[in-house]
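Here's the letter readout for the chains.
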Amino acid sequence: MKKPFVIIGILGIFVLFGKLGTPEIVEFMDVPSKEAETVLVEEKADEKNQEGIREVHWDNFKVEVNGKVLAFPFSILELEEAGFTLDEEDTDGAAKVPAGSFRLACFQDEEGNEIMVSLWNESKKERSFLQCKVGSLTVEGGADVVFPGGVMLGMKEEAVLSIYPDWAERSEYDGKILYTWAKDGNYYQSVDVMVDAKSGEVVHLTMTMFS
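Residues numbered from 1 in each chain as written. Predicted model: local features only at pLDDT ≥ 70, side-chain atom pairs only at ≥ 80, totals over all residues. Heavy atoms only, no water.

Caption draft 1: Inspection of the packing of aromatic side chains at higher detail. Under the counting rule described, the total for this entry stands at eight aromatic pairs. Arranged with centres 5.3 Å apart and planes meeting at 75°, the rings of Y164 and W181 form a pair that is edge-to-face. Taken together, the residues span a long stretch of sequence, with Y164 in the loop between α4 (157-163) and β11 (169-173) and W181 in strand β12 (residues 176-183) at a distance of 17 residues. Owing to a relative accessible area of 0%, Y164 belongs among the buried residues under this scheme. Look at Y188 and F210: their rings are 6.0 Å apart centre to centre, the planes differ by 70°, and that puts the pair in the edge-to-face class. With Y188 in strand β13 (residues 186-196) and F210 in the segment after β14 (202-209), this pair connects stretches of sequence that are 22 residues apart. Using a relative accessible area of 8% as the deciding quantity, one classes F210 as buried. Chaining the aromatic ring pairs together yields one cluster made of F102, W120, Y188 and F210. (Phe/Tyr/Trp six-rings, centres within 6.5 Å; stacked < 30°, edge-to-face > 60°. Helix = DSSP H or I, 4+ residues; strand = E, 2+ residues; numbered from the N terminus. Buried < 20%, exposed > 50% of the residue type's maximum accessible area, 1.4 Å probe, protein only.)

Caption draft 2: Seen up close, the sheet that holds strand β2 (residues 68-71). A sheet is described by the order of its strands in space; here three strands give the open sequence β2-β1-β10, paired in antiparallel fashion. The outermost strands of the open sheet, each flanked by one partner alone, are β2 and β10 (145-146). Note that strand β1 (residues 62-65) and β2 share four bridges and pair antiparallel. Across the sheet, E64 pairs through a bridge with V69, a residue of β2. (Pairing = 2+ DSSP bridges.)

Caption draft 3: Highlighting the pattern of salt bridges. Per the stated rule, a full pass over the model turns up four salt bridges. Residue K68 pairs with E81 through a salt bridge whose shortest N-O separation is 3.5 Å. Note that K68 is positioned in strand β2 and E81 in helix α3 (residues 76-81), a separation of 13 residues in sequence. Accessibility expressed as a relative area gives 58% for E81, which makes it exposed. (Salt bridge = Lys/Arg side-chain N within 4 Å of Asp/Glu carboxyl O.)

Caption draft 4: Layout of the pairing of β14. Counting buried residues in β14 gives seven out of eight residues, a clear majority hidden from the surface. Of the strand pairs in this sheet, strand β9 (residues 133-139) and β14 are connected by four bridges, and their pairing is antiparallel. In the strand pairing of β14, L137 is matched with M207. Across seven bridges, the pairing between β13 and β14 is antiparallel. Bridge pairing in β14 links V195 to V202. Where β13 hands over to β14, the hairpin turn is made up of five residues, of which G200 adopts a positive phi near 75°.

Caption draft 5: View of the side chain of D109. When you line up the elements, D109 lands in the loop between β6 (101-108) and β7 (114-121). A distance of 3.0 Å separates a polar side-chain atom of D109 from the backbone nitrogen of G112. If near-sequence neighbours (up to four positions away) are discounted, D109 is found in contact with N66, G83 and F84. (Polar contact = N/O pair within 3.5 Å; in protein donor to acceptor, adjacent residues only side chain to side chain. Contact = heavy atoms within 4.5 Å.)

Caption draft 6: Local environment of the confidence of the model for the protein. Averaged over every residue, the pLDDT of the protein is 79; the share at 70 or more is 71%. pLDDT under 50 marks residues 36-41. Its contacts with residues more than four places away, or in other chains, come to 13 contacts. The low-confidence segment residues 48-53, where pLDDT is below 50, has 11 contacts with residues more than four positions distant or belonging to other chains. (pLDDT = per-residue confidence, 0-100.)

Caption draft 7: Spatial organisation of unusual backbone geometry. Cis geometry marks the peptide bond from F72 to P73, where omega comes out at -15°. When you line up the elements, P73 lands in the loop between β2 and β3 (74-75). For F61, which is not a glycine, the phi torsion comes out positive at approximately 50°. Within the secondary structure, F61 sits in the loop between α2 (33-50) and β1. A positive phi angle is found at D174, which is not glycine, with a value near 50°. When you line up the elements, D174 lands in the loop between β11 and β12.

So, in structure tokens, the structure goes:
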């Protein structure tokens, strides 16, 4: 089954920049700075796991945004409660979504971190953004977003694969490695993790759940 356009589209147009939040200071006097950063990212993931929020597999289709757990498909209002609002300069806030279709929209937090979502209209009538559900979420920047199992930006490839071992597809292009997990082969219910081939670190995350 070919992968739906929604994933390709998000990967193609969503180029964001950001950095991970600054963790508490710990001693890494004998560790190179880049390695220390990786250790901190993985320790942060371990802390998230210990909270007991994401002890299940990727296909529970839940994501944590700024500490708030959201279950797909969720509403714009739930995303706003997590601290993200519609970027009206990038997207027309009064826009409509055709019946049985979706539109991409950019959301920002107070610090300017961005995430891209697809707003899905599963009804038989045209609807406003507020009436639609979030069917996918993509992050590439500094937004505090955590996937099931504690997977987040900056993690090492091997750490991700130890949490999500049974990927459906693996592809390489432009110095990036893209892993995809699809529920029962359905790419409308999937997770994408993109890794920088040189650093081996996660640089892109997408969760898609069109029910």
